[in-house]
Amino acid sequence: MVESFDAVDVIRMKRDRQTLSPEAINWVIDAYTRGVVADEQMSALAMAIFLNGMDRTEISRWTQAMIDSGERMNFQALSRPTADKHSTGGVGDKITLPLAPLVASFGVAVPQLSGRGLGHTGGTLDKMEAIPGWQADLSNERMMEILDTVGAVICAAGSGLAPADKKLYALRDTTSTVECIPLIASSIMSKKIAEGTGALVLDVKTGPGAFMKLEQDARELARTMVDLGKDHGVNTVALLTDMSRPLGRTVGNALEVRESVEVLAGGGPSDVVRLTVALAQEMLAAAGVKDADVEAALRDGRAMDSWKKMVAAQGGDPEAPLPVAKHTQDVLAETDGVLTEMDAMSVGVASWRLGAGRARQGDPVQAGAGVEIHAVPGERVTRGQKLFTLHTDTPERFERALESLTGGATIDPDAADGTGAREDVVIDRID
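Reading the values: rules and limits
- Residues numbered from 1 in each chain as written.
- Predicted model: local features only at pLDDT ≥ 70, side-chain atom pairs only at ≥ 80, totals over all residues.
- Heavy atoms only, no water.
- UniProt positions renumbered as here; feature names shortened; annotations may be inferred.
- Helix = DSSP H or I, 4+ residues; strand = E, 2+ residues; numbered from the N terminus.
- Polar contact = N/O pair within 3.5 Å; in protein donor to acceptor, adjacent residues only side chain to side chain.
- Contact = heavy atoms within 4.5 Å.
- Pairing = 2+ DSSP bridges.
- Axes fitted to C-alpha atoms, helices over the stretch in contact; angles between N-to-C directions.
- Left-handed = near helix turned anticlockwise from the far one by under 90°.
- Nonpolar A, V, L, I, M, F, W, Y, C, P; charged D, E, K, R; others polar.
- Expected span 1.5 Å × (residues − 1).
- Buried < 20%, exposed > 50% of the residue type's maximum accessible area, 1.4 Å probe, protein only.

Glancing now at the UniProt feature "domain: Pyrimidine nucleoside phosphorylase C-terminal" (unreviewed entry) in the chain. Those residues carrying the UniProt feature "domain: Pyrimidine nucleoside phosphorylase C-terminal" (unreviewed entry) are residues 338–412 in this numbering. In this annotation, residues 338–412 is assigned 28% helix and 29% strand; the end-to-end C-alpha distance for the span is 5 Å.

Residue position: Thr389 is located in strand β11 (residues 386–392). Among the polar contacts listed, one links the side chain of Thr389 to the side chain of His374, at a separation of 2.6 Å. Every residue in contact with Thr389, bar those within four places of it in the chain, is listed here: Thr328, Gln329, Asp330, Gly370, Val371, Glu372 and His374.

Further remarks concern the sheet that holds strand β4 (residues 199–206). In spatial order, the strands read β1-β4-β5-β13; together these four strands make up an open sheet with mixed pairing. The open sheet has two free edges, formed respectively by β1 (84–87) and β13 (426–430), since each of these has just one partner strand. Between one strand and the next, the sheet's axes are offset by a mean angle of 20°, whatever the strand orientation. Where strand β5 (residues 235–242) and β13 come together, four bridges link them in antiparallel fashion. The residue bridging Leu239 from the neighbouring strand is Arg429, located in β13. Taken strand by strand, helix α9 (residues 181–194) contacts β1, β4 and β5, and its axis lies near 160° from that of β1.

At a minimum axis separation of 10 Å, helix α4 (residues 56–68) and helix α10 (residues 215–231) run at an interaxial angle of 65°. Crossing hand, α4 versus α10: right-handed. Contacts between α4 and α10 involve Arg56, Ile59, Ser60 and Thr63 from the first element and Thr224, Asp227, Leu228 and Asp231 from the second. Among the residues forming the contact of α4 with α10, the class breakdown is two nonpolar, three polar and three charged.

Turning our eyes to something else, we now look at helix α2 (residues 22–34). Under the 1.5 Å per step criterion, the end-to-end length of α2 is 18 Å for 13 residues, consistent within 8% with the ideal 18 Å. Buried within α2 we find Ala24, Ile25, Trp27, Val28, Ile29, Ala31 and Tyr32. Tucked into the core, α2 has its buried residues touching α1 (7–15), α3 (39–52), α4 and α8 (163–174). Gly35 sits one or two residues past α2 and shows a positive phi near 90°.

Okay, structure coming up:
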């Protein structure tokens, strides 16, 4: 087979700040997937893109080429409209768990194809696997059956969706080209568009515990992804949300499942409830459901019924006790005052070090490990009061977890009550 382009020429074009043609992009993604373009060549191209960027036309074509590298799902045979949500990840971000069954309770199908955690951000599948018996892997046929009857699925994405992205993602991780908005946006959106959902709501987080620390970068990523969705015919909107501090009062797999069930029972931390409600309203509106009272569905048990059906459909026992760590250790306030700050990254790293996360793909995680948060910014605390409880099966992990929490909570003896309280988890809406 005679190749229509040469990898060196494509690299040189982007190195010299030229715009890549649609034909060049189509070829390089296809050739990389086939193994014709070597890893070192794609590494050079990724770095050139990292340094010189891409315009909207290039990003759109790059995304389409990655979609075309694999199969596409089609939900048109379902009796319900579809809506999906993607979060860029954060500390204590358990929103998918109450959100999927909540939206499904209004007759919308939610095909939530999710991933596993890496580093300080948790993975939705790791959280769900804390439920006894629950299975992440479903055939396409079984997934469609559950979506049509129950309405919500949280499962692992099949390997056939955007295989070029899977290959490129691993390469970016080892070549320091992860933090590149065109490559991040095309990676996320190629998978989401290939999943075939009719509407997509993005939760783009910003702050110390987020992937995008700076609001301007998160805003650019959100705008880029919304534009990509529209370019590919998917009704897409983004919420820019605060990840300066953990979301809710738990970080860790079984701990976050427990908190999610509290939300579904009409309780739970106010920030988790507010974000769940905001995202549900966006998903339902995008799917054509008007004037849905999502808060009522949390109060009256409809969302909880959907949750139990969803868990049971994937082999889980929604009534079974959740795993509990063998060892705990409390972290106490050292002074009286108002808790004015809590660093999300510090808490996320502590949870990871306790065994709730993994350093490498494939590492095991502890279902019961994590951090329980007893006070949040804006609240007054007294010396000796519990701020955190650390959970792990391996107590030798406590020392390093405590190191990560040093300086993670700021107590001001002179601050007024309410200082540092979260104003609203939703910063802006981008459509």
